[in-house]
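What follows is each chain in one-letter form.
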Amino acid sequence: MSHSLKTVVNPRVKKDSKTRITELFGDEEIGKAVRFHRSFPQYKPTPLVSLNHLAERLQIKGIYVKDESFRFGLGSFKVLGGSYAIGRLIAEKAAVDPGSMTFEGLKSDAIREKSGDMVFVTATDGNHGRGVAWTASQLGHRSVVYMPKGSSPIRLQHIRDAGAEASITDWNYDDSVRIAASEAEKHGWEVIQDTSWKGYVEVPLHIMQGYATMAQEALSQLKENEAAGPTHVFVQAGVGAFAGAVVGYLNAKMEKSPKVIVVEPNKADCLYRTCKADDGQLHRVEGDMDTIMAGLACGEPNPLGWEVLREYADVFASVPDSVAALGMRVLGNPLQGDQRVISGESGAVTAGLLSMVMEDENYAQIREEIGLDADSVVLLFNTEGDTDPDMYRKVVWNGNCKVPEFD
């Protein structure tokens, strides 16, 4: 395999105090998000898929995939964060208790009269913008969406179909975020972004708390199936908001903390670089960040996400596109008896890494770092379906991004 697959063990992992994550991601706060999401007419817990035969092949105890490709019919988990953040902003303007806000309540004429017409703006590689556009439209408000250069035209059309004014810019993702923030300040719009900066903290936190709904569902589904809690959690990362939310919730709820492996594209591995540098600074990735994992092509870490991951993530992995492509094929073409999972580039990278390190003896050292063995129960999150069908076919049908032989 290519040596561009790299890992670093987190020297700062502690897991010795849960006060902070319980405050942010415990039942009290996450319960508000879960109740809000359950109030949507489209709400239904997404499937938790057990891949028993793959686990047997990889010689581990269990593999569970939380399949977010079914979320609200939008193909991605992202709507969980955007919808909750939008709901909180509307509730704040209308003086509604966020713990009791509901979908129908926020749509009502009485709330609309108090909140007035609102415009929500964001930058996105696709899925987040679609969720923002859909939520704003469902609740009777406008949205404006900026996409970085090189974005998928199909994802752009999905966002427009969901009701947004959307365009592909000439900038990378992080610069598109800055443009969205600038336009919001100019026009009095509300920014819905899952990364934070000075003076912009509450909305990213609410987005992260919204993401935690799927982690809450996953733990409940494991208990319903009388399955053991995960010993290992693989989470993909862009800015680190999703990873921080999932890791925060699981550690707030589980008596024994699972081992956490954070996975990023090697062309946008800001968290890996931050961990490796170990100098107390957040490290950026500049440039185009040209990876098929468009949803993870983010060069600047979310400070709150990093705060959680610094304490609770055990290993950071920086991987080439071929790892994501492998995961798409593994999940989309399962062993006989396992359920098929349609996973896009960003959704499948963790399955690809798990398969690679368990099946290739060249990665024995990485396997030891991660601590995978016959007693391991692994939880994965398929964060998107084939939201770019053309790219999905290029990878799964045509064999794009093949895994190279080990040098």
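About the thresholds
- Residues numbered from 1 in each chain as written.
- Predicted model: local features only at pLDDT ≥ 70, side-chain atom pairs only at ≥ 80, totals over all residues.
- Heavy atoms only, no water.
- Helix = DSSP H or I, 4+ residues; strand = E, 2+ residues; numbered from the N terminus.
- Rg over C-alpha atoms; globule rule 2.2 N^0.38 Å.
- Buried < 20%, exposed > 50% of the residue type's maximum accessible area, 1.4 Å probe, protein only.
- Contact = heavy atoms within 4.5 Å.
- Areas by Shrake-Rupley, 256 points an atom, 1.4 Å probe, with all protein chains shown as cover.
- 1 Å grid on protein atoms, 1.4 Å probe; cavity = no way out; pocket = protein on both sides within 12 Å on 5 of 7 lines; lining within 4 Å.
- Points joined across faces, edges and corners; volume = space filled by probe spheres on them.
- Nonpolar A, V, L, I, M, F, W, Y, C, P; charged D, E, K, R; others polar.
- Pairing = 2+ DSSP bridges.
- Axes fitted to C-alpha atoms, helices over the stretch in contact; angles between N-to-C directions.
- Parallel < 35°, antiparallel > 145°, perpendicular 65-115°, else oblique.
- Salt bridge = Lys/Arg side-chain N within 4 Å of Asp/Glu carboxyl O.

Peer 1: Break down the overall build of the chain for me, citing the residues and quoting the values.
Peer 2: When you go through the chain residue by residue, the secondary structure sums to 17 helices and 11 strands. For 407 residues, the compact-globule estimate of 2.2 N^0.38 gives 22 Å, and the C-alpha radius of gyration of the chain, at 20 Å, lies within 12% of that figure. Looking at the 407 residues of the chain, the share that counts as buried comes to 61%. Here the contacts in the chain between residues at least 6 apart in sequence split such that 75% fall between residues at least 24 apart. Total accessible area on the chain stands at roughly 16,200 Å², and carbon and sulfur atoms take up 45% of it.

Peer 1: A description of the side chain of Asp269 should follow, citing residues and the corresponding values.
Peer 2: Along the chain, Asp269 falls in the loop between strand S9 (259-265) and helix H12 (270-277). With residues near it in sequence (within four places) discarded, Asp269 still touches Lys6, Glu264, Val285 and Ser318.

Peer 1: Provide a residue-level description of the layout of surface pockets, including the pertinent values.
Peer 2: For the largest pocket, the calculated volume is near 430 Å³. Taken together, 23 residues line the largest pocket, and the ones lying closest to its centre are Lys149, Gly150, Ser151, Thr291 and Ala294. Here the lining of the largest pocket gets 3 residues from one element, more than from any other, and that element is helix H17 (residues 389-396). Partitioned by chemical class, the residues of the lining of the largest pocket number 9 nonpolar, 5 polar and 9 charged. Taken as a whole, the second largest pocket spans an internal volume of roughly 220 Å³. Arg178, Thr195, Ser196, Trp197 and Glu300 are, among the 14 residues lining the second largest pocket, the residues nearest its centre.

Peer 1: Tell me about the sheet that holds strand S11 (residues 377-382), and name the residues and values.
Peer 2: Neighbouring strands of a sheet are bound in pairs by backbone hydrogen bonds; such pairs are parallel or else antiparallel. Read across the sheet, 7 strands follow the order S1-S10-S9-S8-S11-S3-S2 without closing on themselves; strand pairing throughout is mixed. Single-partner strands in this sheet number two, and they are strand S1 (6-9) and strand S2 (48-50). Shown here is a sheet whose adjacent strand axes are inclined to one another by a mean of 20 degrees, direction ignored. Along the sheet, helix H11 (residues 241-253) makes contact with strand S8 (232-236), S9 and S11, crossing S8 at roughly 160 degrees. Seen against the sheet, H12 touches S1, S9 and strand S10 (315-319) and runs at an angle of roughly 45 degrees to S1.

Peer 1: So what's going on with the sheet that holds strand S5 (residues 142-147)? Which residues, and what values?
Peer 2: What the 4 strands build is an open sheet, ordered S6-S5-S4-S7; its pairing is parallel. With partners counted over all chains shown, the strands left at the sheet margins are strand S6 (165-168) and strand S7 (190-191), one partner each. Strand direction decides the pairing type here: strand S4 (residues 119-123) and S5, joined by 5 bridges, are parallel. Bridge pairing links Val121 to Val144 in S5.

Peer 1: Account for the packing of helix H2 (residues 27-38) against helix H10 (residues 202-224), with residues named and values stated.
Peer 2: Between H2 and H10, the shortest axis-to-axis distance is 8 Å and the interhelical angle comes to 80 degrees. As summarised for this structure, H2 and H10 are arranged roughly perpendicular, according to the angle between their axes. Listed contacts from H10 to Glu29, Ile30, Ala33, Val34, His37 and Arg38 of H2 are Gln209, Gly210, Ala212, Thr213 and Gln216. In the contact of H2 with H10, the residues fall into 4 nonpolar, 5 polar and 2 charged.

Peer 1: Summarise the pattern of salt bridges; cite the residues concerned and give the values.
Peer 2: One side chain can pair with another of opposite charge once the charged atoms of both are near each other. Within this structure, the stated rule accounts for 24 salt bridges. Here Arg12 makes a salt bridge to Asp278, at a shortest N to O gap of 2.8 Å. Highlighted residues: Arg12 in the loop between S1 and helix H1 (19-25) and Asp278 in the loop between H12 and helix H13 (303-312), separated in sequence by 266 residues. By relative accessible area, Arg12 is classed as partly exposed at 45%. With its nearest N and O atoms 2.9 Å apart, the salt bridge here joins Glu68 to Arg71. Of the residues examined, Glu68 reaches a relative accessible area of 0% and is grouped as buried.

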